[in-house]
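Residue-level listing of the chains:
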Amino acid sequence: MGDLLTRLERHGLLSQLPSFHTPADRAILLAGEPPDGAYLLESGQAVVRTLDSRGGSTILHRYLPGELFGELELICGQNVATTVYAATDCRGYRIPAADFLPLLARENWLCMYLLHKLAALQLEEVPRVDARRSFTVRQKVAQLLLDSADAGGTVVLDKQETADILRITLRSVHRALRQLQDEGLIRASAHRVQLLDEQALRRLLPSV
């Protein structure tokens, strides 16, 4: 479908949009608030993550340059579902809330772009759901650690949130982390996990 930034520029729309700049660790969209627009990243990375009072964090999704977020809430007329934070300094463009649906009504190609995006995401999830039914607890925890690790292989981890995300018991999380540590794949402390052998962790996962 092509890069959205490029397509908006080709249609003469990009220059009409207000720009935005959000410093690292600041919220771009706040959960529970009415969205003020759909955000299109030009540079930086934004994330959806869980946080706790002790500073524990798990990244659930990462937005990269060229990606749009906040559009679903505007289409459905709902408040923001999950807070989106700037993981790094973020710059890009905002399609104001009042202009978003009229823009879709005028620009059929944009409707098709979003439909294609949603259909691709839905199709992508189908095999993952089926495959993960057969994942062991240890494999589920390994997958979450790999998905959440920073560039240095460190994961700031709240064990209860991990249990909630994976829909397993807290005892199962502790047992899986202990098994992975005994195998020399990770080093776990109270709220932090260091990946020691990322390739070995990946080999634990069934092929999809």
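Scroll up to find the structure this text is about.
Rules used throughout
Residues numbered from 1 in each chain as written. Predicted model: local features only at pLDDT ≥ 70, side-chain atom pairs only at ≥ 80, totals over all residues. Heavy atoms only, no water. Helix = DSSP H or I, 4+ residues; strand = E, 2+ residues; numbered from the N terminus. Buried < 20%, exposed > 50% of the residue type's maximum accessible area, 1.4 Å probe, protein only. Contact = heavy atoms within 4.5 Å. Areas by Shrake-Rupley, 256 points an atom, 1.4 Å probe, with all protein chains shown as cover. Salt bridge = Lys/Arg side-chain N within 4 Å of Asp/Glu carboxyl O. Axes fitted to C-alpha atoms, helices over the stretch in contact; angles between N-to-C directions. Parallel < 35°, antiparallel > 145°, perpendicular 65-115°, else oblique. Nonpolar A, V, L, I, M, F, W, Y, C, P; charged D, E, K, R; others polar. Pairing = 2+ DSSP bridges. Core = buried A, V, L, I, M, F, W, Y, C linked by side-chain atoms within 4.5 Å. Phe/Tyr/Trp six-rings, centres within 6.5 Å; stacked < 30°, edge-to-face > 60°. Expected span 1.5 Å × (residues − 1).

Scanning the protein chain for helices and strands turns up eight helices and eleven strands. Burial analysis of the protein chain (208 residues in total) assigns 42% to the buried set. Restricting the contact set of the protein chain to residue pairs at least 6 apart, pairs at least 24 apart contribute 70%. Total accessible area on the protein chain stands at roughly 11600 Å², and carbon and sulfur atoms take up 50% of it.

Right, let's talk about the pattern of salt bridges for a bit. This model, assessed by the stated rule, comprises four salt bridges. Ionic pairing is found between D89 and R91, a salt bridge with its closest N-O pair at 3.5 Å. Given the relative accessible area of 35%, D89 is considered partly exposed. When the shortest N-O distance is used, the salt bridge between R138 and E183 registers 2.5 Å. Taken together, the residues R138 in helix α5 (residues 137-148) and E183 in the loop between α7 (170-182) and β10 (186-188) connect sequence positions 45 residues apart. With a relative accessible area of 25%, R138 lands in the partly exposed category.

Time to look at the packing of α5 against α7. It is the contact of α5 with α7, at a shortest axis distance of 9 Å, that shows an interaxial angle of 75 degrees. As far as their axial angle goes, α7 and α5 are roughly perpendicular. On α7, the residues that touch V137, R138, V141, A142 and L145 of α5 are S172, A176, L177, Q179 and L180. Partitioning the contact of α5 with α7 into residue classes produces seven nonpolar, two polar and one charged.

All right, on to the pairing of strand β1 (residues 19-22) then. Residues of β1 alternate between two faces, with F20 and T22 buried on one and S19 and H21 left unburied on the opposite face. Note: β1 against strand β8 (residues 90-96), four bridges, orientation antiparallel. Paired with H21 across the bridge in β8 is R91.

When a protein is soluble and globular, its nonpolar side chains tend to lie buried together. Core analysis: the biggest nonpolar cluster contains 23 residues, and L145, I186 and L201 have the highest contact counts within it. Among the secondary structure elements, those contributing two or more residues to this core are α5, α6 (159-166), α7, β11 (192-195) and α8 (198-203). Sorting elements by how many residues they give to this core places α5 first, with five residues. Non-local contacts of L145, meaning those with residues more than four positions away in its chain, are made with V155, L157, L177, L180, I186, V193 and L195. Of all hydrophobic cores here, the second largest spans 19 residues; its members include L8, A38, L103 and L114.

Under the criterion given, the structure shown has three aromatic pairs. With a centroid separation of 4.9 Å and an interplanar angle of 85 degrees, the aromatic rings of F20 and Y39 are classed as edge-to-face. Here F20 is found in strand β1, whereas its partner Y39 is found in strand β3 (residues 37-43), with 19 residues between them in sequence. Y39 sits in the buried class, given a relative accessible area of 5%. With a centroid separation of 5.9 Å and an interplanar angle of 10 degrees, the aromatic rings of Y39 and F69 are classed as stacked. Of this pair, Y39 sits in strand β3 while F69 sits in strand β6 (residues 68-69), and the two are 30 residues apart along the sequence. Residue classification places F69 among the buried positions, given a relative accessible area of 1%.

Two numbers describe how α6 lies on α7: the axes approach to 8 Å, and their chain directions differ by 105 degrees. With respect to α7, the axis of α6 lies roughly perpendicular. Across the interface between the two elements, K159, Q160, T162 and A163 of α6 pack against L170, V173, H174 and L177 of α7. Looking at the contact of α6 with α7 residue by residue, the class counts come to four nonpolar, three polar and one charged.

Another aspect to go through is α5. The end-to-end C-alpha distance of α5, which contains twelve residues, comes to 17 Å, matching closely the 16 Å that a straight helix rising 1.5 Å per residue would cover. Of all the residues in α5, the buried ones are Q139, V141, A142, Q143, L144, L145, L146 and S148.

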